[in-house]
Amino acid sequence: MSSFNVAISEISTIDATRNAKQHNNQGVIFMKEGDLEAAMKEFKIAIALNPNVQATSVYYNNLGQVYMRMYALNNNKLFPMWAQKCFEQALLGDCMNFVYYKNLVNVYEARGILNSKVTYHLSQKDKNPYSAIILGLIYLKQNKIGAAVTILDDFCVQNPDLIITSDLKRLLANYQFI
């Protein structure tokens, strides 16, 4: 292979991971500047470039945050629905990020579906132990502190070595004397 062909192949090689990170970073900049449309486009590009890796959870979470900011600005009910899908995708890719759970429960609250999600996650708790995290956060939103502390503490006891457990323990420390 000639040096010219090697140079061409090096130039034409696309690093989807690096490009996805660059688009995500640009989206974060746009979001900080308040250009939500541009941020949304950048996060969608990042997701499309590298859809099947754990890092994509960050991109989905960022896109969900953009949708919630758009909802705060114009109250279009579609934005929380789209944000919910984004936060659910983020959790599918990385179930150890506590922020994704909090964002998802905030969407449930914005959509007015906390009670139906309690019913759903109670039915899933034995199949999916992470449903306990969502339940605990919903109970906190509903000011059911005792139920929240019980379910989150049980999760911590049953899963002491998970990365997310330390986040839950920090949260529970705020309710230690209630």
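Everything quoted here is computed from the prediction, not taken from an experiment.

**Observations regarding the pattern of salt bridges**
Part 1: Within this structure, the stated rule accounts for two salt bridges.
Part 2: Note that Lys-141 and Glu-109 form a salt bridge whose closest N and O atoms lie 3.0 Å from each other. A residue pair is termed long-range when its members are at least 10 positions apart, and Lys-141 in helix H8 (residues 131-141) and Glu-109 in helix H6 (residues 98-111) qualify at 32 residues.
Part 3: For the salt bridge of Asp-167 with Arg-170, the shortest nitrogen-to-oxygen distance reads 2.4 Å. Of this pair, Asp-167 and Arg-170 are both found in helix H10 (residues 163-173), three residues apart, which corresponds to roughly one turn of the helix.
Part 4: Relative accessible area serves as the criterion here: at 21%, Asp-167 is assigned to the partly exposed category.
Part 5: Owing to a relative accessible area of 52%, Arg-170 belongs among the exposed residues under this scheme.

**Regarding the packing of aromatic side chains**
Part 1: Per the counting criterion, the structure on display carries four aromatic pairs.
Part 2: Seen from their ring centres, Tyr-67 and Phe-79 are 6.2 Å apart, and the 25° between their planes marks the pair as stacked. Taken together, the residues Tyr-67 in helix H4 (residues 56-74) and Phe-79 in helix H5 (residues 78-93) connect sequence positions 12 residues apart.
Part 3: For Tyr-67, a relative accessible area of 6% puts it in the buried group.
Part 4: Given the relative accessible area of 9%, Phe-79 is considered buried.
Part 5: Considering the side-chain rings of Tyr-130 and Phe-155, the 6.0 Å spacing of their centres and the 50° angle between planes classify their relative orientation as tilted. With a gap of 25 residues between them, Tyr-130 in the loop between helix H7 (114-124) and H8 and Phe-155 in helix H9 (residues 145-158) connect regions that are remote in the sequence.

**A look at the side chain of Asn-61**
Part 1: Position of Asn-61 relative to the elements: it lies in helix H4.
Part 2: Within the structure, the side chain of Asn-61 is placed 2.7 Å from the side chain of Asn-103, a separation counted as a polar contact.
Part 3: In this view, Asn-61 contacts Phe-87, Ala-90, Tyr-100 and Asn-103; residues no more than four positions away in its chain are not counted.

**Comments concerning the packing of H6 against H7**
How two helices sit against one another is set out by the angle between their axes and by the gap between those axes.
Part 1: Following both chains from N to C, one finds H6 and H7 inclined at 130°, their axes separated by 8 Å at the closest point. Of the possible angle classes, the one that applies to H6 and H7 is oblique. Counting all contacts with H6, which are made through Val-105, Tyr-108 and Glu-109, the residues of H7 involved are Leu-114, Lys-117 and His-121.
Part 2: Here the contact of H6 with H7 is built from residues that sort into three nonpolar, one polar and two charged.

Thresholds applied
Residues numbered from 1 in each chain as written. Predicted model: local features only at pLDDT ≥ 70, side-chain atom pairs only at ≥ 80, totals over all residues. Heavy atoms only, no water. Salt bridge = Lys/Arg side-chain N within 4 Å of Asp/Glu carboxyl O. Helix = DSSP H or I, 4+ residues; strand = E, 2+ residues; numbered from the N terminus. Buried < 20%, exposed > 50% of the residue type's maximum accessible area, 1.4 Å probe, protein only. Phe/Tyr/Trp six-rings, centres within 6.5 Å; stacked < 30°, edge-to-face > 60°. Polar contact = N/O pair within 3.5 Å; in protein donor to acceptor, adjacent residues only side chain to side chain. Contact = heavy atoms within 4.5 Å. Axes fitted to C-alpha atoms, helices over the stretch in contact; angles between N-to-C directions. Parallel < 35°, antiparallel > 145°, perpendicular 65-115°, else oblique. Nonpolar A, V, L, I, M, F, W, Y, C, P; charged D, E, K, R; others polar.

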